[in-house]
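Next come the chains, spelled out residue by residue.
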Amino acid sequence: MKTAVVILNWNGKKLMEQFLPSVLASTYTNKRVIVADNASTDDSVSFLKEKFPSVELIINPGNEGFAKGYNTALKQVKADYYVLLNSDVEVEPGWIEPVIDLMESDKTIAACQPKLLAYHDKDSFEYAGACGGWIDHLGYPFCRGRVFEVCEKDEGQYNKAAPCLWASGASMFVRASSYHEMNGLDEYFFAHQEEIDLCWRFQLAGYSVFVQPASVVYHVGGGTLPKGNARKTYLNFRNNLVMIHKNLPWHSRCWKIPLRIVLNGVVAVKEVFGGNGSAFWAIAKAHRHYISWVLFVKSEWKPATRRNKNFGGWY
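Residues numbered from 1 in each chain as written. Predicted model: local features only at pLDDT ≥ 70, side-chain atom pairs only at ≥ 80, totals over all residues. Heavy atoms only, no water.

**Student:** Talk me through the packing of aromatic side chains; I want residue IDs and the actual numbers.
**Tutor:** One pair of aromatic rings is described through two measures. These are the centre distance and the angle between the planes. Enumeration according to the criterion identifies 9 aromatic pairs in this entry. Here the aromatic rings of tyrosine 82 and tyrosine 179 are separated by 5.9 Å at their centres, their planes lie at 85°, and the arrangement is edge-to-face. Of the two residues, tyrosine 82 is situated in strand S4 (residues 81–85) and tyrosine 179 in helix H5 (residues 176–181); the sequence distance between them amounts to 97 residues. For the pair tyrosine 82 and tyrosine 179, a shared accessibility class is recorded, and that class is buried. Here the aromatic rings of phenylalanine 202 and tyrosine 207 are separated by 6.1 Å at their centres, their planes lie at 80°, and the arrangement is edge-to-face. Considered together, phenylalanine 202 and tyrosine 207 belong to a single accessibility category, that of buried residues. One cation-aromatic arrangement involves lysine 122 over tyrosine 218; the distance from NZ or CZ to the ring centre is 4.7 Å. Its end group placed over the ring of tyrosine 188, arginine 238 keeps NZ or CZ at 4.4 Å from the ring centre. (Phe/Tyr/Trp six-rings, centres within 6.5 Å; stacked < 30°, edge-to-face > 60°. Helix = DSSP H or I, 4+ residues; strand = E, 2+ residues; numbered from the N terminus. Buried < 20%, exposed > 50% of the residue type's maximum accessible area, 1.4 Å probe, protein only. Lys NZ or Arg CZ within 6 Å of the ring centre and 35° of its normal.)

**Student:** Lay out the pairing of strand S2 (residues 31–37) with the relevant residues and their values.
**Tutor:** With 5 of 7 residues buried, S2 lies mostly within the body of the structure. Strand direction decides the pairing type here: strand S1 (residues 3–9) and S2, joined by 7 bridges, are parallel. Directly across from valine 6, in S2, lies its bridge partner isoleucine 34. Inspection of the sheet shows S2 paired to strand S3 (residues 56–59) by 4 bridges, in the parallel sense. Bridge assignment links aspartate 37 to a residue of S3, and that residue is isoleucine 59. (Pairing = 2+ DSSP bridges.)

**Student:** Help me get a handle on unusual backbone geometry, residues and values and all.
**Tutor:** Working note: non-glycine residues mostly have negative phi, and peptide bonds are mostly trans. Phi is positive for asparagine 11, close to 55°, though the residue is something other than glycine. Relative to the helices and strands, asparagine 11 is located in the loop between S1 and helix H1 (13–24). Non-glycine residue histidine 192 carries a positive phi angle of around 85°. Looking at the element boundaries, histidine 192 is found in the loop between H5 and helix H6 (194–204).

**Student:** For the packing of H6 against helix H7 (residues 230–247), give the residues involved together with the corresponding values.
**Tutor:** At their nearest, the axes of H6 and H7 sit 10 Å apart, and the two run at 10° to each other. In terms of orientation, H6 and H7 fall into the roughly parallel class. Residues Ile196, Asp197, Trp200, Arg201 and Leu204 of H6 form the contact with H7, whose own contacting residues are Met243, Ile244, Lys246 and Asn247. Split by residue class, the contact of H6 with H7 holds 5 nonpolar, 1 polar and 3 charged. (Axes fitted to C-alpha atoms, helices over the stretch in contact; angles between N-to-C directions. Parallel < 35°, antiparallel > 145°, perpendicular 65-115°, else oblique. Contact = heavy atoms within 4.5 Å. Nonpolar A, V, L, I, M, F, W, Y, C, P; charged D, E, K, R; others polar.)

**Student:** Could you give an account of the packing of helix H8 (residues 250–273) against helix H9 (residues 277–297), naming the residues involved and the relevant values?
**Tutor:** Put simply, H8 and H9 touch, their axes get as near as 7 Å, and they point 160° apart. Between H8 and H9, the crossing angle belongs to the class labelled roughly antiparallel. Note that H8 runs across H9; the crossing there is left-handed. Of H9, the residues touching H8 (which contributes Ile257, Ile261, Asn264, Gly265, Val267, Ala268, Val269, Glu271 and Val272) are Gly277, Ala279, Phe280, Ile283, His287 and Tyr290. Tallied by class, residues from the contact of H8 with H9 come to 10 nonpolar, 4 polar and 1 charged. (Left-handed = near helix turned anticlockwise from the far one by under 90°.)

**Student:** Could you give me a rundown of a nonpolar patch on the surface, with the residues and numbers involved?
**Tutor:** Taken together, the side chains of Trp255, Leu259, Val262 and Val266 define a hydrophobic patch exposed on the protein surface, amounting to about 370 Å² of accessible area. Here leucine 259 is to be found in helix H8. Overall, leucine 259 belongs to the partly exposed group, its relative accessible area being 32%. (Patch = residues over 30% accessible without salt bridge, like charges linked within 9 Å, V, L, I, M, F, W, Y side chains within 5 Å. Areas by Shrake-Rupley, 256 points an atom, 1.4 Å probe, with all protein chains shown as cover. Salt bridge = Lys/Arg side-chain N within 4 Å of Asp/Glu carboxyl O.)

Here it is, written out as C-alpha cells:
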C-alpha cells in the first residue's frame, strides 16, 4: 500500500540532519518521504533541497501548528496511509511493515502507533505515547508504560498488538480515507492533544485504534516546546477541556468538566507555591479560553457521529 511518511518541520534543521537518514533507510518499498515545512525561519528548506533531494517538500503559508499544519499538507498528499512523524524520532529499518500489515488485516483500524521508546534511554518507554494511549475517567491522558511522570522499563510486558484509546502524534499511522472522513485534526487545538481528540472521534464513529509493538521507534520529545514551557501548559490544559467537552456525552461532561476545572485550580495554586507563577497564569488563561470556545467557537464544530454508542466505559 502506498504510504506517505510526512514530517512536520518548523526550524528543525538540526533534528532533520540527525534523524531523517534513518527514515530514508526504511525498508518499506512503496513509500514517500515528505517534509511539510511550517514557514521555518532557519535554513531548513534550503538544507533539505541540498542534502536530501529525494525528500518531497510542501511549504505551508505560515506556522500553522501541528493540527492545521498537517491538515494543510495532507490535503496535497495522495496515499493509502499517512504516517505523522515528529522530526525528533529515530526509526528502525523495518518499522513500517508491521503496522501496515496489521492495519491491512483489519480495515476497521483507523490509526495505529508503534512502540515509543526514549531516544536517550532506549530501554525505557517514552512519555509521549509509550505503548498505546488511554485516558482516565476524568479525561487525564496516560499510556501503557507511562503514568504521570513515571516511564516504565521496556521488558517486553506490552509486546502484543492491542487496541488503545489514542495513538501518539509523535509517530501515528492513519488510514487516509478515515482521516479525511473525520475532517482531520481539529485546527483550534494548534498543538497538543489533537491526536487524542482525533482518535477519540475515530472510535466514536466505529473505528478502532491500535498499538503495534513489533514496530519500534525512538523519540527525543520536547523538541518544539520543552516541558515546563508556559505555552505548552496553556495548550495542554485548554485543549484537554475542549476535547472532553467535544467527546463526552452531555450527562458526563455536565459534572466532570466543573470538577476538572476545580482540580486544575488546585494544580495552579500548587504551581504558585512551587515558585512557578507563569504556570498559574497559563492555567487561568486556558480556563478563560475554554469558556470562550464554548460561547463563541463551539457552534462551528460539528459533533462526531456516535455510531459506536457503547464506546468509552469511563463515561
